[in-house]
Amino acid sequence: MTHSTGSVSACLPIHSDLDLVRARQQVRQMTAQLGFGLVEQTKLVTAASELARNALVHGGGGQMECTEVTGGGVRGLRLVFSDRGPGIADLDLALSDGYTSGEGLGMGLGGARRLVHEFRVDSRRGEGTTVTVTSWAAAPPRPREGR
Amino acid sequence: MPEQQTADDRTGPAQEVALFLRERREQIAQRWADAAVFRTVFTVSRDEAVEAGRAVVEALAAVAATGRVEDSEADGFTVVREQLARTVRSRTRAGASTGQISAETDALRRPVTELLLDELAEAPADHVGECTTALAVLMGTLRLVMLETSTVAGEELINRQRLELLEIATPVIKLWEGIVAVPLIGTLDSARSQVVMETLLDAVVEQHARLAILDITGVPTVDSLVAQHLMKTVAAARLMGAECIVSGIRPAIAQTIVHLGIDLSSVLTRASLADALAYALQQQGARIVPRAVAAAESR
């Protein structure tokens, strides 16, 4: 799919619990505007919540960039979470369910991967972690499928 | 008279404004008493509003007399700062935005400028210009002082509302003998989930509840942390002998929880509060039946 990427339409800091609320609201608002269905909205908002909290708890704070993207006539939303924390030592381990370096359930990173359409982690030890996720609004229903 | 002062005297216009403010104090205060920023705050009597206006005029005169009309930290403001803060708090509580308060403060400028122009009717044009500019700057500084206090008042308001939300958002409702429900609304951050757990466990003890329903219809996002809080609450209630039912799981939330990979199988869940209540009643040996059916059965 050829992607055309728009300019970053929002960049939110993630430094407190209140910022997590703002990040969720921002994603909810943007997905609704882009025509995401309720399920896809909820999935991406939940993924954003997990990743933003990871950036806050494990990365010591960071930011979330939201960008509208278009691919194959479908609109989508790309979220980039970046922090300057210690980085992820073992990515496969971090992505496995139930593993946690903190006190959580250990479902955040792996769970977020299952909630979005595209998922990429770039992490360098000592330099920080960047997680990029993209989800697409479902293709518009074909006329015959309409009620 | 100050009119004799030369235009190139640097503090001249400001001090003339100070003199004007002192002399016309009563008149200005009378006019200001009808302005929104005084009228809506000092509601007991008009005299009270006039009194408040007089205090502000005096403060402005004191600031002007020192020539520091542009300085919001000027000593002259100290005496009225508390009064201004009270004004701003009162307007904020009444729902006025910072912009509105700013506009209301700005509305004080016009009556006092008109009085100044009357006073200077005979003076040369450039002198009039200097004095009205000094007054305009001074009134702008008053607005800045108001806005500074309004920022502080806004922060206080937010903190108060946050505390209120913690309290309000977690009522425990007794639905039936031995059945309580907690409708959860909004974000379940750590502080909120702690309050939820405490109020629920207290209710379990007080109401001798054997069944507790946690309704999450009003929780917009259920991520792994929220799920973890729910599971902990359920586990704690179970230790106290109460069974928890989590209700209000919407289709989108259910699918998200499955994708997220959270195992909620240890928690009893129902789609709606009504389903949860029906289950709870059944557990308590009670049943709701239509009257006709009950009559038929008793026959």
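Values in this document were obtained by computation on a predicted structure and should not be read as measured data. (Residues numbered from 1 in each chain as written. Chains lettered and ligands numbered in written order. Predicted model: local features only at pLDDT ≥ 70, side-chain atom pairs only at ≥ 80, totals over all residues.)

1. Here we look at the overall build of chain B
Where we set the bar: Helix and strand definitions here come from DSSP, where helices need a minimum of 4 consecutive H or I residues and strands a minimum of 2 consecutive E residues; each element is numbered from the N-terminal end. Partly exposed residues are those falling between the two cut-offs: more than 12 but fewer than 20 other C-beta atoms within 10 Å of their own, whereas 20 or more means buried and 12 or fewer means exposed, with C-beta atoms placed from the backbone. Here contacts are defined at the residue level, using C-beta atoms placed from the backbone and a cut-off of 7 Å between them.
Along its length, chain B carries 13 helices and 5 strands. Buried positions account for 33% of the 299 residues belonging to chain B. Put simply, 72% of the contacts in chain B that link residues at least 6 apart link residues at least 24 apart.

2. Section: the overall build of chain A
A count of helices and strands for chain A gives 4 helices and 5 strands. Moving toward the C terminus, one meets the helices and strands of chain A in the order β-α-α-β-β-α-α-β-β. Counting every position in chain A, which comprises 147 residues, the buried fraction comes to 39%. Put simply, of all contacts in chain A between residues at least 6 apart along the chain, 65% involve residues at least 24 apart.

3. Quick notes on the confidence of the model for chain B
Residues and elements named next belong to chain B. As a reminder of what qualifies: Per-residue confidence from the predictor is reported as pLDDT, which spans 0 to 100.
For chain B, the mean per-residue pLDDT works out to 85, and 95% of the residues sit at or above 70. The model gives residues 1-10 a pLDDT under 50, and that stretch makes 11 contacts with residues more than four places away or in other chains. Taken over the whole predicted complex, pTM reads 0.65, whereas the ipTM for its chain interfaces reads 0.82.

4. A few points about the pairing of strand β2 (residues 62-71) of chain A
Residues and elements named next belong to chain A. Here is the rule we go by: For two strands to be treated as a pair, DSSP must find no fewer than two bridges joining them.
Relative to strand β3 (residues 74-83), β2 is paired through 10 bridges, and the arrangement is antiparallel. Of the residues in β3, the one forming a bridge with glycine 62 is aspartate 83. The hairpin formed by β2 and β3 contains 2 residues between the paired strands, and glycine 72 there has a positive phi angle of roughly 55 degrees.

5. Details of helix α6 (residues 98-106) of chain B
Using the following cut-off: To be clear, the arc concerns the directions from the helix axis to the C-beta atoms.
Considered for burial, the residues of α6 of chain B that qualify are Ile101, Glu104 and Thr105 of chain B. An end-on view of α6 of chain B places all buried positions within 100 degrees of arc, on one side of the element.

6. Things to note about helix α11 (residues 251-260) of chain B
Of the residues making up α11 of chain B, those classed as buried are Ile253, Thr256, Ile257 and Leu260 of chain B. Buried residues of α11 of chain B fall within an arc of 100 degrees about the axis and therefore sit on the same side. Among the exposed residues of α11 of chain B, those pointing more than 90 degrees away from its buried face are Pro251 and Val258 of chain B. Where α11 of chain B is buried, its residues contact α2 (38-57) and α4 (108-115) of chain A together with α10 (224-239) of chain B. Remark: glycine 261 of chain B follows α11 of chain B within two positions and exhibits a positive phi of approximately 90 degrees.

7. Some words on the interface of chain B and chain A
Quick reminder of the rule: In this count, Pro and Cys sit with the nonpolar residues alongside Ala, Val, Leu, Ile, Met, Phe, Trp and Tyr, while Asp, Glu, Lys and Arg are called charged and the others, Gly among them, polar.
In this complex, chain B contributes 16 residues to the contact, which on the side of chain A involves 21 residues. Secondary-structure elements contributing two or more residues to the side of chain B that touches chain A are α10 and α11 of chain B. Broken down by element, the residue count for the side of chain B that touches chain A peaks at 6 residues, all from α11 of chain B. Tallied by class, the residues present in the side of chain B that touches chain A amount to 6 nonpolar, 8 polar and 2 charged.

8. Remarks on the sheet that holds strand β3 (residues 211-218) of chain B
Within a sheet, adjacent strands bond to each other through the backbone by hydrogen bonds, running parallel or antiparallel. Residue and element names in this part refer to chain B. Cut-off, in case you're wondering: Axis lines are fitted through C-alpha atoms, for helices just across the contact stretch, and the angle between N-to-C directions can take any value from 0 to 180 degrees.
Pairing is mixed across the open sheet formed by 5 strands, whose spatial order is β1-β2-β3-β4-β5. The open sheet terminates on both sides in strands that have one partner only, identified here as β1 (173-176) and β5 (268-269). Sheet analysis places β3 next to strand β4 (residues 243-247), joined by 5 bridges and oriented parallel. Looking at the pairing, isoleucine 213 lines up with isoleucine 245 of β4. On the sheet, helix α9 (residues 190-206) packs against β2 (179-185) and β3 and is oriented at approximately 165 degrees with respect to β2.

9. Considering the confidence of the model for chain A
All names here are of chain A. Residues with a pLDDT of 70 or more make up 90% of chain A, whose mean pLDDT is 85. Least confident of the elements in chain A is strand β1 (residues 3-14), whose mean pLDDT is 80; most confident is strand β5 (residues 128-136), at 94. Taken together, the stretch residues 140-147 has pLDDT below 50 and engages in 1 contact with residues farther than four places along the chain or on a different chain.

10. Looking at the environment of glycine 128 of chain A
Residue and element names in this part refer to chain A. Looking at where glycine 128 falls in the secondary structure, it is placed in strand β5. With 19 C-beta atoms counted inside 10 Å, the residue glycine 128 sits in the partly exposed group. With 40 residues separating them along the chain, glycine 128 and isoleucine 88 place their C-alpha atoms 7.9 Å apart. Setting aside chain neighbours within four positions, we find glycine 128 in contact with Gly59, Ser82, Asp83, Arg84, Gly85 and Gly87.

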